[in-house]
Amino acid sequence: MSAVQQYIDLYHAQKDLITGHSSPVMNALRDEAVALLESRGLPTLKDEEFRRTDIEALYAPDYGLNLGRVNIEVNPYEVFRCDVPNLSTLLYFVVNDTFYAQAQPAAAKLPEGVLVGSLCEMARQYPQLVERYYGRAADMKRDGTVALNTAFAQDGFFIYIPDGVVVEKPIQLVNILRGNVDFMVNRRLLIVVGKGAQAKLLVCDHSDESSVRFLASQVCEIFVDDDAVFDYYDMEESSENTAKVASVFVRQGARSNVLVNGIVLHNGITRSNYYSTFAGEHAELSLCGMGIVDKEQSVDTYTFIDHAVSHCHSNELFKYVLNDSARGSFCGRILVRHGAQKTEAYQGNKNLCASPLAKMYTKPQLEIYADDVKCSHGATIGQLDQNALFYMRSRGITEAEARMLLMFAFTNDVIEQVRLDALKDRLRQLVEKRFRGELAKCSGCQACRQD
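These lines cover the structure that appears in this document, whether it is placed above or below.

Criteria and cut-off values
Residues numbered from 1 in each chain as written. Predicted model: local features only at pLDDT ≥ 70, side-chain atom pairs only at ≥ 80, totals over all residues. Heavy atoms only, no water. Core = buried A, V, L, I, M, F, W, Y, C linked by side-chain atoms within 4.5 Å. Buried < 20%, exposed > 50% of the residue type's maximum accessible area, 1.4 Å probe, protein only. Helix = DSSP H or I, 4+ residues; strand = E, 2+ residues; numbered from the N terminus. 1 Å grid on protein atoms, 1.4 Å probe; cavity = no way out; pocket = protein on both sides within 12 Å on 5 of 7 lines; lining within 4 Å. Points joined across faces, edges and corners; volume = space filled by probe spheres on them. Axes fitted to C-alpha atoms, helices over the stretch in contact; angles between N-to-C directions. Parallel < 35°, antiparallel > 145°, perpendicular 65-115°, else oblique. Contact = heavy atoms within 4.5 Å. Nonpolar A, V, L, I, M, F, W, Y, C, P; charged D, E, K, R; others polar. Salt bridge = Lys/Arg side-chain N within 4 Å of Asp/Glu carboxyl O. Disulfide = S-S within 2.5 Å. Pairing = 2+ DSSP bridges. Phe/Tyr/Trp six-rings, centres within 6.5 Å; stacked < 30°, edge-to-face > 60°. Lys NZ or Arg CZ within 6 Å of the ring centre and 35° of its normal.

Comments concerning the nonpolar core
No. 1: Membership of the largest hydrophobic core comes to 61 residues, with the highest contact counts inside it found for Tyr92, Phe157, Leu201 and Tyr232.
No. 2: Of all the elements, strand E1 (residues 90–95) adds the most residues to this core, at six residues.
No. 3: Formed by 51 residues, the second largest nonpolar core is a distinct cluster that contains Ala3, Leu37, Leu119 and Met184.

Have a look at this one:
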């Protein structure tokens, strides 16, 4: 039986259980999602955008799913201590694929009118608001993994920032994977930022270091209205037994400013999709990310920026450092549509293979149908500068330290994109630890460890 068919059969057999533990808004799209899965299936290696990651193989194992929403026994507020000093965030948790709602100390500090919490519960309390956005950006027809997520996701995380409201403190969501059997989670993130509003969201992924295999499926929809400013940071510090398939969909209004920064510090297999659409003129997008992978780890990134209107600016930069037998892939596409004059779009992908066995594949693309634009793209794949290594060693620096310093310098311009000073400083420390061979786990976090 194929991976797709086993999930289709599971859905039909457990539909009442799935819908009974979710909300009508989320349930409304499930049948359509399953129908798309039946007709289109999951992406295969024959699909141009998925040639470097075998998606069907990732979904093939017999994972457990918590369709009955069995309560977890750990209180993450008691055992988790963030290792980012002085960040002072509004802290929330999703454990596996369920929002942890027993205690929400951050909620009392939210500005009036701001909604943050369980997507399922918010959809029940504010059905018209959530229905207006849920599933409106995530394109199930484009990607079968999004359809599968839509069919099985029962909860997730919701943020609503009303017009003109500024949330001074960053909102932090910690996703924790924990279990004693091979486990699959399907979670949704829905972020709505109103006109002239401002907010920042940091999402951190952590997983159990046991021999249990995890598959994390995540779909994030971000709506940023006119004149709004929003930062989205996604940092993965999972285990080598974790596979993550994540899609981020961004829709920007006129004169909005969005920063999306995805950072993979430790993982197993990570496939990230970023889809962004300009729906209003004079909007700006900074889309960037980096990955540090070694051993047999893999990072695969696909980006699509749709310049659908004129006078918009996008700047895209992704960097990867690969060691041992790690694999990396970047496929980026920028589309400038007819009439999207005065577009400025820049795309860069730079990669460092620190060992002869590491492999990197890159495919930057520009598709332009307007004549008054400024656009460029480029990609490089290289090794450590031997002249720089020799120079540093001649001044008494060990080879290991010299290699670490060169790799750290290579990633620095992605870290510089971060607009949170405390997070930027901590990222420098985490990246340095990673290059020194440490896992760079949050030192105070007990939530990802089995008792």
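A word on the layout of surface pockets
No. 1: In this structure, the second largest pocket spans a volume of roughly 360 Å³.
No. 2: Among the elements that take part in the lining of the second largest pocket, helix H6 (residues 119–125) stands out by supplying three residues, more than any other.

Here we look at the packing of helix H1 (residues 3–20) against helix H8 (residues 144–152)
No. 1: Where H1 contacts H8, the axes come no closer than 10 Å and their chain directions differ by 30°. In terms of their interaxial angle, H1 and H8 are classed as roughly parallel. Packed against H1, whose contacting residues are Tyr7, Leu10, Tyr11 and Ile18, the element H8 presents Leu148, Ala151 and Phe152 at the interface.
No. 2: Across the contact of H1 with H8, the residue classes tally to seven nonpolar, no polar and no charged.

Quick word on the pattern of salt bridges
No. 1: Here the structure, examined in full by the defined rule, presents 26 salt bridges.
No. 2: A salt bridge links Asp227 to Arg255, with the nearest nitrogen and oxygen atoms 2.7 Å apart. Of this pair, Asp227 sits in the loop between strand E8 (214–224) and strand E9 (229–237) while Arg255 sits in the loop between strand E10 (242–252) and strand E11 (257–266), and the two are 28 residues apart along the sequence.
No. 3: Since its relative accessible area comes to 39%, Asp227 is described here as partly exposed.
No. 4: Arg428 is paired through a salt bridge with Glu416; the nearest N and O atoms lie 2.3 Å apart. Taken together, the positions of Arg428 in helix H11 (residues 421–435) and Glu416 in the loop between helix H10 (399–415) and H11 put the pair twelve residues apart, joining distant regions of the chain.
No. 5: The exposure class assigned to Arg428 is partly exposed, which follows from its relative accessible area of 23%.
No. 6: Through salt bridges that share partners, Arg187, Asp205, Asp234 and Lys244 make up one connected network.

Considering the state of the cysteines
Disulfide: a covalent bond formed between the sulfur atoms of two cysteine residues.
No. 1: In this structure the tally under the stated criterion is zero disulfides.
No. 2: Cysteine Cys375 shares no disulfide, and the gap to the nearest cysteine sulfur, in Cys312, comes to 12 Å.
No. 3: Given a relative accessible area of 23%, Cys375 falls into the partly exposed group.

Thoughts on the environment of Phe249
No. 1: Mapped onto the elements, Phe249 comes out in strand E10.
No. 2: Accessibility expressed as a relative area gives 4% for Phe249, which makes it buried.
No. 3: Sequence separation between Phe249 and Gly339 is 90 residues, and the spatial gap between their C-alpha atoms is 23 Å.
No. 4: Look past the residues within four positions of Phe249 in its chain and what remains in contact with it is Ala137, Ala138, Asp139, Val146, Val219, Cys220, Glu221, Ile222 and Tyr275.

Regarding empty space enclosed by the protein
No. 1: Going through the model one piece at a time under the given rule, you end up with six cavities of 30 Å³ or more.
No. 2: Considered as a void within the structure, the largest cavity measures approximately 140 Å³ in volume.
No. 3: Lining of the largest cavity is provided by 19 residues; of these, Gly262, Ile263, Val264, Ser272 and Tyr274 occupy positions nearest its centre.
No. 4: Elements that contribute at least two residues to the lining of the largest cavity include exactly E9, E10, E11, strand E12 (269–278), strand E13 (284–293), strand E14 (298–307) and strand E15 (313–322).
No. 5: Partitioned by chemical class, the residues of the lining of the largest cavity number ten nonpolar, six polar and three charged.

Topic: the pairing of strand E7 (residues 198–207)
No. 1: Counting buried residues along E7, eight of its ten residues qualify, which places the element largely inside the surrounding structure.
No. 2: Of the strand pairs in this sheet, strand E5 (residues 171–177) and E7 are connected by seven bridges, and their pairing is parallel. Bridging across to E7, Ile171 finds its partner in Leu201.
No. 3: The pairing of E7 with E9 spans nine bridges and is parallel. Among the inter-strand pairings, His206 is bridged to a residue of E9, identified as Glu237.

Quick notes on the packing of aromatic side chains
To describe a pair of aromatic rings, you give the distance between the ring centres and the angle between the ring planes.
No. 1: For the coordinates displayed, the defined rule picks out eleven aromatic pairs.
No. 2: Here the aromatic rings of Phe249 and Tyr275 are separated by 4.7 Å at their centres, their planes lie at 15°, and the arrangement is stacked. Linking Phe249 in strand E10 with Tyr275 in strand E12, this pair joins segments that are 26 residues apart in sequence.
No. 3: Aromatic pair Tyr275 and Tyr302: ring centres 5.9 Å apart, planes at 55°, arrangement tilted. Here the residue Tyr275 occupies a position in strand E12, and Tyr302 occupies one in strand E14, the gap between them amounting to 27 residues.
No. 4: Residue Tyr302 is classed as buried on the basis of its relative accessible area, which comes to 1%.
No. 5: Taken together, the ring pairs in this structure connect Tyr7, Tyr11, Tyr59 and Phe152 into an aromatic cluster.
No. 6: For the cation-ring pair, Arg271 lies above Phe50, with the distance from its terminal atom to the ring centre recorded as 4.0 Å.
No. 7: When the ring centre of Phe410 is taken as origin, the NZ or CZ atom of Lys319, which lies over that ring, is 4.4 Å away.

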